[in-house]
Amino acid sequence: MKQTKSPLLPLVFSLIFTGIIFISISSLTEANITTGDKFYFFRKQFFWLTISFMAFYITSKIKLDLVKKLSPLIYFVSILGLILVLIPGLSNQTLGARRWLNLGLLSFQPSELLKLSSVLYFSYLFAQSSKRSFINLIIHLIIPFILIILQPNLSTAILVSAIIISIFYLSGGKVIPLFLLCLGLIGLSFILVVNSPYRLARLQTFLNPDQELQTTSYHNSQIILSLSSGGFFGKGFANSDQKYRFLPKISTDSILAIIGEETGFLGTFTIILLYVLLLSYLIKLASLVSQDTFSSLLVSGIACWIGYQCLINISAIANIIPLTGVPLPFISYGGSSLLTLMIAIGLVRNIEKTHSLLIYSDNDQGEKKHYHHRHSSHSRSRINSSAPIRSKN
């Protein structure tokens, strides 16, 4: 049988490799000044990358039935982490926010684990038709939303809410209640913005980017300068001027600006294309495994997670929305984000192998039809058709 190779790992590894390279070259000056070791951020990211690859291998081999059983526990642990991070002494406070648990030599961001656990748990929950209700969605959504807002971290709260709402919709949730819920969340977010001085200042900076260029608008102006100076082909690898501590958050939220400065529009477009190809493949895979409700929702949820996070980060860099603290998946510096994303990719790889849908060539249509016939008792996902998913559960 002629096998068709999956594009999953080449796409993901290309993004990770890009991240490692640009983290290493963009953080040299900052690392040398702040730690005395110019390779500090590179070493730390490479350490997390090693752990992430180990986690990827484990989750690509684990039985999916065990993943289902563990999903409520993982979700509970992530909620517990969000509670612990609010306790002084257990977390690191940075710029007035408590988002990282202090684990001694390392720190971990529970909100990153929440993204993963939300995809796992709500895929498991809404795969069961008896638990697929709007009231159940509200009950389970309100707890993590409040806990993340208390950190405070509005952008992540919105991101997690969007992921959960998307999974509910794809499972067959009713559109009108979801639409009203989205309007409510938008209104609540607006209230939180106007009643928070630093959020309101960020919004005003976005609306008036030409004012206070050396203070509140400094970050925005330096991002625009980075992207515009890159031109079409860029200044060349490692030739960024902004990496010399002109651009804030150079290896995390703003790393795409450095990529744009050094590789130009061509390099930035290539990065976006890699994300588009990855998301297209995940959507296709979710459609192919739509007979398995849990697997289909899980892949769809991971696609939403990566897609929404990319959209927020890239939109902020392009000055389409106000700046946020949402990292660029697989590329931005940050161990918590990389680890949870690689666990998710391991699960996608697991689903690929479990369903064996990617090994059919054009000459294997008969066997492919036989596969679908054996799973015909399951219904289809909204990704595959307009009909909602119905599970055997």
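Scroll up to find the structure this text is about.
Residues numbered from 1 in each chain as written. Predicted model: local features only at pLDDT ≥ 70, side-chain atom pairs only at ≥ 80, totals over all residues. Heavy atoms only, no water.

Draft legend 1. Spatial organisation of the sheet that holds strand β2 (residues 97–103). The three strands lie next to each other as β1-β2-β3, forming an open sheet whose pairing is antiparallel. Every interior strand has two partners, whereas the edge strands, β1 (91–94) and β3 (106–108), have only one. Pairwise comparison of adjacent strand axes, ignoring direction, gives a mean angle of 40° for this sheet. In terms of strand pairing, β1 meets β2 through four bridges, oriented antiparallel. Bridge pairing in β2 links Gln-93 to Arg-98. (Pairing = 2+ DSSP bridges. Helix = DSSP H or I, 4+ residues; strand = E, 2+ residues; numbered from the N terminus. Axes fitted to C-alpha atoms, helices over the stretch in contact; angles between N-to-C directions.)

Draft legend 2. Fine view of the packing of aromatic side chains. Counted by the stated rule, this structure contains 14 aromatic pairs. With centroids separated by 5.5 Å and ring planes inclined at 85°, the aromatic side chains of Tyr-75 and Phe-122 adopt a geometry described as edge-to-face. In this pair, Tyr-75 is assigned in helix α4 (residues 64–84) and Phe-122 in helix α5 (residues 110–126), connecting sequence segments 47 residues apart. Exposure remark for Phe-122: the relative accessible area of 0% places this residue in the buried category. Put simply, the rings of Tyr-75, Tyr-121, Phe-122, Phe-126 and Phe-168 pair up and form one aromatic cluster. (Phe/Tyr/Trp six-rings, centres within 6.5 Å; stacked < 30°, edge-to-face > 60°. Buried < 20%, exposed > 50% of the residue type's maximum accessible area, 1.4 Å probe, protein only.)

Draft legend 3. Expanded view of a nonpolar patch on the surface. Taken together, Phe-232, Phe-233, Phe-265, Leu-266, Phe-269, Ile-272, Leu-273, Val-276 and Leu-277 make up a surface patch of nonpolar side chains, about 850 Å² in accessible area. Mapped onto the fold, Phe-233 is located in the loop between α10 (218–230) and α11 (255–288). (Patch = residues over 30% accessible without salt bridge, like charges linked within 9 Å, V, L, I, M, F, W, Y side chains within 5 Å. Areas by Shrake-Rupley, 256 points an atom, 1.4 Å probe, with all protein chains shown as cover. Salt bridge = Lys/Arg side-chain N within 4 Å of Asp/Glu carboxyl O.)

Draft legend 4. Seen up close, the side chain of Ser-171. Mapped onto the secondary structure, Ser-171 falls in the loop between α7 (154–170) and α8 (175–194). Of the polar contacts made by the side chain of Ser-171, one reaches the backbone oxygen of Phe-168; its length is 2.6 Å. (Polar contact = N/O pair within 3.5 Å; in protein donor to acceptor, adjacent residues only side chain to side chain.)

Draft legend 5. The arrangement of the packing of helix α6 (residues 134–149) against α7 in detail. Remark: α6 packs on α7, axes separated minimally by 9 Å, with the N-to-C direction vectors making an angle of 165°. Taken together, α6 and α7 sit at an angle that is classed as roughly antiparallel. Here α6 runs over α7; the crossing is right-handed. On α7, the residues touching Phe-134, Leu-137, Leu-141, Phe-145, Ile-148 and Ile-149 of α6 are Leu-154, Thr-156, Ala-157, Val-160, Ser-161, Ile-164, Ile-165 and Phe-168. Residues belonging to the contact of α6 with α7 are distributed by class as follows: twelve nonpolar, two polar and no charged. (Parallel < 35°, antiparallel > 145°, perpendicular 65-115°, else oblique. Left-handed = near helix turned anticlockwise from the far one by under 90°. Contact = heavy atoms within 4.5 Å. Nonpolar A, V, L, I, M, F, W, Y, C, P; charged D, E, K, R; others polar.)

Draft legend 6. Highlighting the environment of Gly-173. By the element assignment, Gly-173 lies in the loop between α7 and α8. Counting along the chain gives 36 residues from Gly-173 to Leu-137, while the straight-line C-alpha distance between them is 9.6 Å.

Draft legend 7. Structural view of the pattern of salt bridges. Under the counting rule described, the total for this entry stands at five salt bridges. Among the ionic pairs, Lys-115 bridges to Glu-112, the shortest N-O distance being 3.0 Å. With Lys-115 and Glu-112 both in helix α5 and three residues apart, the pair spans about one turn of that helix. Overall, the relative accessible area of 4% leaves Glu-112 in the buried class. Asp-241 is the partner of Lys-235 in a salt bridge, and the nearest nitrogen-oxygen pair spans 2.8 Å. The exposure class assigned to Lys-235 is partly exposed, which follows from its relative accessible area of 29%. Overall, the relative accessible area of 41% leaves Asp-241 in the partly exposed class. Each of Lys-235, Asp-241 and Glu-261 takes part in a single network of salt bridges with overlapping partners.

Draft legend 8. Expanded view of the nonpolar core. Grouped together as the largest cluster of nonpolar side chains are 97 residues, with contacts concentrated most on Leu-278, Leu-282, Ile-306 and Phe-330. The dominant element in this core, judged by the number of residues it contributes, is α11, at 14 residues. In this structure Leu-278 touches Leu-8, Leu-11, Val-12, Leu-15, Ile-306 and Phe-330, once residues within four positions along its chain are discounted. (Core = buried A, V, L, I, M, F, W, Y, C linked by side-chain atoms within 4.5 Å.)

Draft legend 9. Representation of the environment of Cys-304 within the structure. Checked against the element boundaries, Cys-304 lands in helix α12 (residues 293–317). In this structure the C-alpha to C-alpha distance between Cys-304 and Leu-159, which are 145 residues apart in sequence, comes to 9.4 Å. Excluding its chain neighbours within four sequence positions, the residues that come into contact with Cys-304 are Ile-163, Ser-166 and Gln-309.

Draft legend 10. Spotlight on α5. A rise of 1.5 Å per residue sets the reference length of α5, with its 17 residues, at 24 Å; its end C-alpha atoms lie 23 Å apart and thus fit the reference within 8%. At Ser-117, α5 shows its strongest bend, of approximately 25°. By the criterion of burial, α5 is predominantly enclosed, with 16 of the 17 residues buried. (Expected span 1.5 Å × (residues − 1). Bend = angle between axes of the 7 residues up to and from the residue.)

Purely geometric numbers; function is a separate question.
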